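Residue-level listing of the chains:
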There are 2 protein chains.
Amino acid sequence: MITKLSQIVEEARRQGRKRLAVAYGNDAHTLKAVYEAYREGLVEPTVFGDKAEVLRICQAEGIDPTVFAVVDEKSDVRCVSMAVSLVASGGADVLMKGLVSTDKYMRGILNKEAGLFPPKGTLSHVSVVEMPGREKLLCIADVAVIPLPDFKQKTVLIKYLSSIASSLGIEKPKIACIAPSEQVLPSVVSSTEAAILAKMGDRGQLGNVTVDGPLSLDVALYREAALEKKVQGSAVAGDADCLLFPNIESGNVFFKSATHFGGAEIAAIVVGTKVPCVLTSRGDTPQTKLYSIALACLQSK
Amino acid sequence: MITKLSQIVEEARRQGRKRLAVAYGNDAHTLKAVYEAYREGLVEPTVFGDKAEVLRICQAEGIDPTVFAVVDEKSDVRCVSMAVSLVASGGADVLMKGLVSTDKYMRGILNKEAGLFPPKGTLSHVSVVEMPGREKLLCIADVAVIPLPDFKQKTVLIKYLSSIASSLGIEKPKIACIAPSEQVLPSVVSSTEAAILAKMGDRGQLGNVTVDGPLSLDVALYREAALEKKVQGSAVAGDADCLLFPNIESGNVFFKSATHFGGAEIAAIVVGTKVPCVLTSRGDTPQTKLYSIALACLQSK
């Protein structure tokens, strides 16, 4: 079982290099991250971007440009569409965002003709969190893409969480549906839907997972809190592998809390597409960028 | 300006003892907290409860029982209703929960005949958070009472936050309306309502406060995040005194994150009632209990 983010890099390396398509890799941040992933043995990169600019950045940053296949294209939007086409057609295993805006990148991914995003699919975002003092990794969704998942989407998110947890070697992931309290509050949607999901989990309707909810954050994560609040007979309370957040605000607040004052490191990918997509941002640490590429490699079939 | 929770205790002491009515003070947790608040010079306590039991606990815990006026009553529900009547009639300044369940306590507070909760009022909960490394206190709402505040309720919560911040000596509190992003997302209610509240704040419709939103948690709290995401022209970004959460799930996740892995200390009270009400729970640290009583004293007129 993988219990540290650094082990994701090791495992991805063990599985062999994946073909990475970089959409508009026209900035030092992106190229350094891709170069690092190359040197770690994770990827064979193809960079779509302005070739002269890519070479200039490589020289300035001390990056060996011969490790990249560079496809020369000056338009960011066309770079996205070319990179998307490449992964959709099976010519690459993982997609990665470069200097292009998240908006243009996501529009490229969602473009129906491109075939990367299945019709009636559910695009989402899963993060893997390593927190100081916790003995295992935590998979969480959705902190960035779906504002307010409906019930159907929540069942899909559980599938995504479970798939990521499986790739970390967790055989039967314990999934906590987060709500304001461990008491079922009949008038609070996050609470009642958590109860329904838990019962569906009991009935085997959500796959090889153990689901419980409603659980508040502390009861999901800490055994002492579960004991103190007398949440009995729950295999998930105090020992969650995955957190399903009921809305983007609570997910995002947890993500920001964990990274800003919880000392957490993160890997994150966009899921629901034919191949995993890396969506790092400038503000991410170099570690997060590497971990995210490694997680995407691990998720690619 | 008060920048530490311990200063709330000092300021409450400076203002003189308040009359505290304790609803069903039949447990060691409650009596120790009240005794500590008495010894700090904050309160003159009246305890409603089983007198024999109260005296027994005092003896076991080394508490001087003569500091309490004990009203002998064995029923928890009647203790709540008697304590509520006392504060509602002006016979005490602050209400505090004892061994009774939160549910019964809240029902006692909300009871129309009792007159503690104004008709058409908005019952809510405000916490004051002291986080390591932050140079000032943070007031937050609502992490515990209102599941999903509607727009009108959000304006009332801003009033409550502003009132608490004022009692901490913050002249014109900076209030951040939390959302998943600092971009206005037209289809996300937390985002659009934050934008509307910000503009109402600009127009002076929310009192002597500076309101901005939508802001994500990191942009609200950290200058570096505000700079990095280029949130310009905001007096609140990176320097918030108060956080308004768009739903109980995000508020509760922040509260649990701050206390469980953020090293935060907390004071919290129920607001919207004629007098402030203390709602500590068994799990709270003795410090939190003392701080919460002190905060309620400070808020009582």
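Our subject is the structure that appears above.
So, here is what we can say about the structure in this document. (Residues numbered from 1 in each chain as written. Chains lettered and ligands numbered in written order. Predicted model: local features only at pLDDT ≥ 70, side-chain atom pairs only at ≥ 80, totals over all residues. Heavy atoms only, no water.)

### A few points about the pairing of strand 5 (residues 124-130) of chain A
Residues and elements named next belong to chain A. Buried residues dominate strand 5, accounting for six of its seven residues. Taken together, the seven bridges between strand 5 and strand 10 (residues 265-271) define a ladder with antiparallel strand orientation. Within strand 10, the residue paired with Ser124 across the bridge is Val271. With three bridges joining them, strand 5 and strand 6 (residues 138-141) adopt antiparallel strand pairing. What sits directly across from Ser127, in strand 6, is Ile140. (Buried < 20%, exposed > 50% of the residue type's maximum accessible area, 1.4 Å probe, protein only. Helix = DSSP H or I, 4+ residues; strand = E, 2+ residues; numbered from the N terminus. Pairing = 2+ DSSP bridges.)

### Let's talk about the relation of the copies chain B and chain A
Least-squares fitting of chain B to chain A yields an RMSD of 0.0 Å, with the superposition described by an axial translation of 0.0 Å and a rotation of 180 degrees. Read as a symmetry element, the transformation amounts to a two-fold axis. Proximity to the rotation axis, assessed at the C-alpha, singles out Ser250 of chain B in chain B; its C-alpha lies 1.8 Å from the axis. An overlap of 100% is found between the interface residues of chain B and their copies at the interface of chain A, pointing to a shared contact surface. (Least-squares fit on C-alpha atoms with pLDDT ≥ 70 in both. Contact = heavy atoms within 4.5 Å.)

### Some thoughts on the pattern of salt bridges
Under the defined criterion, the tally for this structure stands at 34 salt bridges over all chains. Measuring nitrogen to oxygen at the nearest pair gives 2.9 Å for the salt bridge that ties Asp76 of chain B to Lys104 of chain B. Residue Asp76 of chain B is found in helix 4 (residues 76-88), and its partner Lys104 of chain B is found in helix 5 (residues 102-110); the two are separated by 28 residues along the sequence. One salt bridge in this structure joins Asp239 of chain B and Lys136 of chain B, with 3.0 Å as the shortest N-O distance. Placement of the pair is Asp239 of chain B in the loop between helix 9 (223-228) and strand 9 (242-244) and Lys136 of chain B in the loop between strand 5 (124-130) and strand 6 (138-141), with a sequence separation of 103 residues. Note on Asp239 of chain B: relative accessible area 13%, which makes it buried. Members of the salt-bridge network, linked through shared partners, are Lys136, Lys174, Arg223, Asp239 and Asp241 of chain A. (Salt bridge = Lys/Arg side-chain N within 4 Å of Asp/Glu carboxyl O.)

### Here we look at helix 1 (residues 5-15) of chain A
All names here are of chain A. Turning to helix 1, its buried residues are Leu5, Ile8, Val9, Glu11 and Ala12. An end-on view of helix 1 places all buried positions within 170 degrees of arc, on one side of the element. Contacts made by the buried residues of helix 1 are with strand 5, strand 10 and helix 11 (286-299). The positive-phi residue at the C-terminal boundary of helix 1 is Gly16, with phi of around 95 degrees. (Arc of directions from axis to C-beta.)

### Regarding the sheet that holds strand 5 of chain A
All names here are of chain A. Taking strand neighbours across the sheet as the criterion, the 11 strands line up as 3-2-1-4-11-10-5-6-9-7-8 in an open arrangement whose pairing is mixed. Of all strands in the sheet, those bounded by a partner on one side alone are strand 3 (69-72) and strand 8 (210-215). One ladder, built from four bridges, connects strand 1 (residues 18-23) with strand 4 (residues 94-97); its direction is parallel. Its bridge partner being in strand 4, Val22 is matched across the sheet by Met96.

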